[in-house]
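Structural overview
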Amino acid sequence: MSKAVNLQKNLIIFGVPLSIIGLMVLITKLPLFNTNPSSLSIGITFDLVLIVPLVYFILIRKTNIPKTTVVPFFIIGIIICSLILPTENQYYLNLFKTWVLPVVELSILLFVIFNVRKGIKRYQLNKTESFDFFATLKSTCYELLPKAVVIPVVTEIAVFYYGFVNWKKRKLKDNEFTYHKSSGTVTLLIAIICIVAIETITLHILLAKWNTTVTWVLTFLSIYSGIQIFGFVKSMFKRPISIENSKLFLRYGIMNETTIDLADIESIDISSKDIALNTETRKLSFLGDLESHNVVIRLKKENTLIGLYGVKRTYTILALYVDNKNEFKNRINNTLQHKLPAHPKGDE
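All figures in this text were calculated on a predicted structure; none of them were measured in a lab. (Residues numbered from 1 in each chain as written. Predicted model: local features only at pLDDT ≥ 70, side-chain atom pairs only at ≥ 80, totals over all residues. Heavy atoms only, no water.)

Things to note about the overall build of the chain
The condition that has to hold: Comment: elements are numbered from the N terminus, with helices defined as DSSP H or I runs of at least four residues and strands as E runs of at least two. It is over C-alpha atoms that the radius of gyration is taken, and the globule rule equals 2.2 Å times the number of residues to the power 0.38. Every residue pair with non-hydrogen atoms within 4.5 Å of one another is taken to be in contact. All accessible-area figures derive from a Shrake-Rupley calculation using a 1.4 Å probe, and residue coverage is judged against the displayed protein chains alone. Charge assignment in this entry is limited to Lys and Arg as positive and Asp and Glu as negative, and neither His nor the chain termini are counted. Charge placement uses NZ in Lys and CZ in Arg. For Asp and Glu, CG and CD serve respectively.
Each helix and strand counted, the chain has 10 helices and eight strands in total. Taken against the 2.2 N^0.38 rule, which gives 20 Å for 348 residues, the C-alpha radius of gyration of the chain at 26 Å runs more than 25% over that of a compact globule. When its C-alpha atoms are laid out on the principal axes, the chain stretches across 80 × 65 × 40 Å. For the chain, contacts bridging at least 24 residues in sequence account for 67% of all contacts bridging at least 6. About 20,000 Å² of surface is accessible on the chain, with carbon and sulfur atoms providing 64% of the total. For the chain, the distance from the average site of its 39 positive side-chain charges to the average site of its 25 negative ones is 5 Å.

Structure (structure tokens):
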């Protein structure tokens, strides 16, 4: 019954604004629009850019849906107006783009910065937890953006943050472990960046004689790929594996991550033997068989590994590389022995 009620609410909340949008698009296809495009364009502009977000806001004001989701409807309205209205009848739309849209974009940026800073202060007060920019950014954007676009947006921001903003050396805590110092992955990825740079220069010179546009498009894509790989590499230095509050936070930069309740661990073995990867056995590294492992964790039940852009894969056995593998295993075993018996559910 509750599911039916929720479905009905969602149909109203999203159906009404979408119906208005559909009606506005339909009006531009009618002969009436061709006879008086100027006046109707003004009405359509205000309906799509102001009325639709306002109606949506009224419908969600007493629900748990974040009020900031009004912003996507505002942006959608601007995009649709740009597509359906004649260029000569976009005077008011251009005013919105010039004066209102930058204010909205700045407000979104300030909102994200404010919430990330709030997250930093919260972690500084609670010394039992380690601050993680990527996790804080995700939780902030989930309050602001539709769920479908959160992970891609967060990933792009994180690439530039770790690659070009965060240069401060991170001091490890006793409960944190690195995984990049001895695995050889950093060297491999840096080599790939160098290869991309050399190939980009070579291709640019060769293709410049054929088609300038194609040349610059491919050059941009190559540079962007290099920037992404560089951000991935830097994120490995900033996101160590950690054991906190009876949970194991396994991170591989911003490329892969998973959280395991220590109570769900069946066994943890120091092993470098080859293992067959399948739907039950995964590697924490996004490179798969290209990277070695020295620790194998077996779980009592299925868990989820979250990869780039939110791709999810299940596993019950996870292989990973940890620089200080023995200390890592000992700390988990000690935590299991001393904490879990007194807290059967894994809560502290």
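Examining the pairing of strand β7 (residues 295–306)
Applied cut-off: A pair of strands is considered paired only if DSSP assigns at least 2 bridges between the two.
Where strand β5 (residues 265–270) and β7 come together, five bridges link them in antiparallel fashion. Across the sheet, the residue bridging to Ser267 is Arg298, located in β7. Direction of pairing for β7 relative to strand β8 (residues 312–320): antiparallel, over a ladder of eight bridges. Paired with Val295 across the bridge in β8 is Leu320.

Digging into the pattern of salt bridges
Side chains that carry opposite charge are capable of pairing whenever their charged atoms lie near each other. Cut-off, in case you're wondering: Salt bridges are identified by distance alone: a Lys or Arg side-chain nitrogen within 4 Å of an Asp or Glu carboxyl oxygen. Burial classification: accessible surface area is computed with a 1.4 Å probe over protein chains only, and a residue below 20% of its type maximum counts as buried, one above 50% as exposed, and the rest as partly exposed.
Evaluated as defined, the whole model comprises six salt bridges. The shortest N-O distance in the salt bridge between Asp132 and Arg239 comes to 2.8 Å. With Asp132 in the loop between α5 (91–125) and α6 (133–144) and Arg239 in the loop between α9 (212–238) and β2 (241–244), the pair connects residues that are 107 residues apart, well separated along the chain. The pair Asp132 / Arg239 is uniform in exposure class, with both members buried. A salt bridge links Asp269 to Arg298, with the shortest nitrogen-to-oxygen separation between them at 2.9 Å. Highlighted residues: Asp269 in strand β5 and Arg298 in strand β7, separated in sequence by 29 residues. On the basis of relative accessible area, Asp269 is assigned to the partly exposed category, the value being 29%. Through salt bridges with shared partners, one network takes in Asp132, Lys138, Arg239 and Glu257.

Some remarks on helix α10 (residues 325–338)
Put simply, the rule reads: Here, expected helix span is obtained from the residue count minus one, scaled by 1.5 Å. Working definition: the arc comes from the directions between the helix axis and the C-beta atoms, pointing outward to the latter.
A rise of 1.5 Å per residue sets the reference length of α10, with its 14 residues, at 20 Å; its end C-alpha atoms lie 20 Å apart and thus fit the reference within 8%. Those residues of α10 that sit buried are Phe328, Ile332 and Thr335. Looking down the long axis of α10, one finds its buried residues gathered within 65° of arc, a one-sided arrangement. Residues of α10 that are exposed and angled more than 90 degrees away from the buried face: Gln337 and His338. Residues of α10 that are buried sit in contact with β1 (176–177), β2, β3 (247–252), β5 and β7.

So, the confidence of the model for the chain
Worth spelling out the cut-off: Values of pLDDT, ranging from 0 to 100, describe the predictor's confidence in every residue of the model.
The share of residues in the chain with pLDDT of 70 or more is 91%, and the mean pLDDT across the chain is 83. For residues 340–348, every residue scores under 50 in pLDDT, and the model assigns this stretch 12 contacts once sequence neighbours within four places are set aside.

A closer look at the nonpolar core
In plain terms, the rule: Nonpolar cores were defined as sets of buried Ala, Val, Leu, Ile, Met, Phe, Trp, Tyr and Cys residues, with membership established by side-chain atoms within 4.5 Å.
Within the largest apolar cluster, 43 residues are counted, with the highest numbers of intra-cluster contacts made by Ile241, Leu248, Leu250, Ile297 and Phe328. Take this core: its biggest share by element is six residues, from helix α7 (residues 147–165). Other than its neighbours up to four places away in sequence, Leu250 contacts Ile241, Asn256, Glu257, Thr258, Ile260, Leu284, Ile297, Leu318, Leu320 and Phe328. Of all hydrophobic cores here, the second largest spans 23 residues; its members include Leu48, Val49, Val71 and Ile80.

A short note on the packing of aromatic side chains
Note the threshold: Two rings from Phe, Tyr or Trp (for Trp, the six-membered ring) form a pair when their centres sit within 6.5 Å of each other. Planes less than 30 degrees apart are called stacked, planes more than 60 degrees apart edge-to-face, and all others tilted. Remark: a charge is flagged as sitting over a ring if the NZ atom of Lys or the CZ atom of Arg is within 6 Å of the ring centre and within 35 degrees of the ring normal.
Tallying each qualifying case throughout the model produces 15 aromatic pairs. Judged by centre distance (3.6 Å) and plane angle (15°), the ring pair of Phe133 and Tyr161 falls under stacked. Of this pair, Phe133 sits in helix α6 while Tyr161 sits in helix α7; the two residues are 28 residues apart in sequence, bridging distant segments of the chain. According to the relative accessible area criterion, Phe133 is buried, its value standing at 11%. Ring geometry for Tyr252 against Phe286: centres 6.0 Å apart, planes inclined by 55°, an arrangement best described as tilted. With a gap of 34 residues between them, Tyr252 in strand β3 and Phe286 in the loop between β6 (281–283) and β7 connect regions that are remote in the sequence. Through a chain of ring-to-ring contacts, the aromatic side chains of Phe46, Tyr91, Tyr92 and Phe96 assemble into a single cluster. Between the NZ or CZ atom of Lys234 and the centre of the ring of Trp167, over which it lies, the distance is 3.5 Å.

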